[in-house]
Amino acid sequence: MASAAKELRYRNEYPVSDSLAREFDWDLRERELRHAGEAPYRQEEVQPARRTAQKAHTAAHVQVRERQQVSYLTIAGVAAVLGLAVLVIMSYVQLTVLSADTVALKNELSQLQTQNVSLTTQYERMFDMATVKAAAEEAGMTKPSNSQICYVDLSGGDTAIVYQEEDPSVLTRVLTSLSHGVYAVVEYFD
């Protein structure tokens, strides 16, 4: 039956036959194809009093489906899927933050590299002898003449002279120890 229906349907896509004339029973076959497999429809005439009695009778016998319980495994699975979805979203957020930080650090690195180049050239200019000589001449410095040069002779042995202080009097030692004691007490309470 299904193959016949397919055959009719494919044939009906092209509503012309070999003689290019429309098939007269095309609409009838299409309607039969749409209703294939259905029970024939019969309209029964029911008396109005019987109809209301039938409605009341069917309303009293309405079957209600029992409430089905959701299994704990289903709840755990949904919770796990939601948890994993939240983790994926959080990892994307972290990835976005890290990539933004990386871009900022790369920009800072390029700025620091250009600053390094300029500071290196300034450093090299400072130790260029021609620049140093020009800066010294501008400040009024000149090379010393032979009369300004003094040589120190260290050919002799090492000697040192130690001078000893006089022994302080008893009164100065007492005052010194009292002042040290007062400073120690003040430092303790501060």
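Residues numbered from 1 in each chain as written. Predicted model: local features only at pLDDT ≥ 70, side-chain atom pairs only at ≥ 80, totals over all residues. Heavy atoms only, no water.

What about the overall build of the protein chain?
Stated precisely, the cut-off is as follows: Each helix corresponds to a stretch of at least 4 residues labelled H or I by DSSP, and each strand to a stretch of at least 2 residues labelled E; elements are numbered beginning at the N terminus. Any residue under 20% of the maximum accessible area for its type is buried, any over 50% is exposed, and the rest in between are partly exposed; the area is computed with a 1.4 Å probe on protein chains only. The accessible surface values rely on the Shrake-Rupley method and a 1.4 Å probe; as for residues, cover is taken only from the protein chains in view.
Helix and strand counts for the protein chain come out as 6 helices and 0 strands. Taken from N to C terminus, the helices and strands of the protein chain fall in the order α-α-α-α-α-α. Here the protein chain, with 190 residues, has 4% of them falling under the buried criterion. Of the roughly 19300 Å² of accessible surface on the protein chain, a fraction of 60% belongs to carbon and sulfur atoms.

Examining a nonpolar patch on the surface
Here is the rule we go by: Excluding any residue in a salt bridge, patches collect residues exceeding 30% relative accessible area, merging like charges within 9 Å and nonpolar Val, Leu, Ile, Met, Phe, Trp and Tyr side chains within 5 Å. Definition used for salt bridges: Asp or Glu carboxyl oxygen within 4 Å of a side-chain nitrogen of Lys or Arg.
Taken together, the side chains of Val170, Leu171, Val174, Leu175 and Leu178 make up a nonpolar region of the molecular surface, amounting to roughly 490 Å² of accessible area. With respect to the helices and strands, the residue Val174 is situated in helix H6 (residues 170-189). Overall, the relative accessible area of 40% leaves Val174 in the partly exposed class.

Structural notes on the packing of aromatic side chains
Test applied: Classification of ring pairs rests on two measures: the distance between centres of Phe, Tyr or Trp rings, Trp counted by its six-membered ring, which must be within 6.5 Å, and the angle between planes, read as stacked under 30 degrees, edge-to-face over 60 and tilted in between.
Applying the stated rule across the entire model yields 1 aromatic pair. A centroid spacing of 5.2 Å and a plane angle of 80° characterise the contact between Tyr188 and Phe189, whose relative ring orientation is edge-to-face. The two residues Tyr188 and Phe189 agree in class, both being exposed.

Let's talk about H6
Condition: Every helix has an expected span of 1.5 Å times one less than the residues it contains.
Taking 1.5 Å per residue as the helical rise, H6 with its 20 residues ought to reach 28 Å, and the 29 Å between its terminal C-alpha atoms agrees with that figure. Of all 20 residues that make up H6, 0 are buried, and the element is exposed over most of its length.

What to know about helix H2 (residues 26-34)
What counts, and what does not: Directions from the helix axis toward the C-beta atoms define the arc.
Burial in H2 covers these residues: Trp26, Arg29, Glu30 and Leu33. Along the axis of H2, the buried residues cluster in a sector spanning 100°; they form a single face.

Comments concerning the environment of Thr102
Spelled out, the test is: N or O atoms closer than or at 3.5 Å make up a polar contact, with two conditions inside protein: a donor-capable atom paired with an acceptor-capable one, and, for residues adjacent in sequence, both atoms drawn from side chains.
Inspection of the secondary structure assignment puts Thr102 in helix H4 (residues 72-126). Within polar-contact distance, the side chain of Thr102 engages the backbone oxygen of Leu98 at 2.7 Å.

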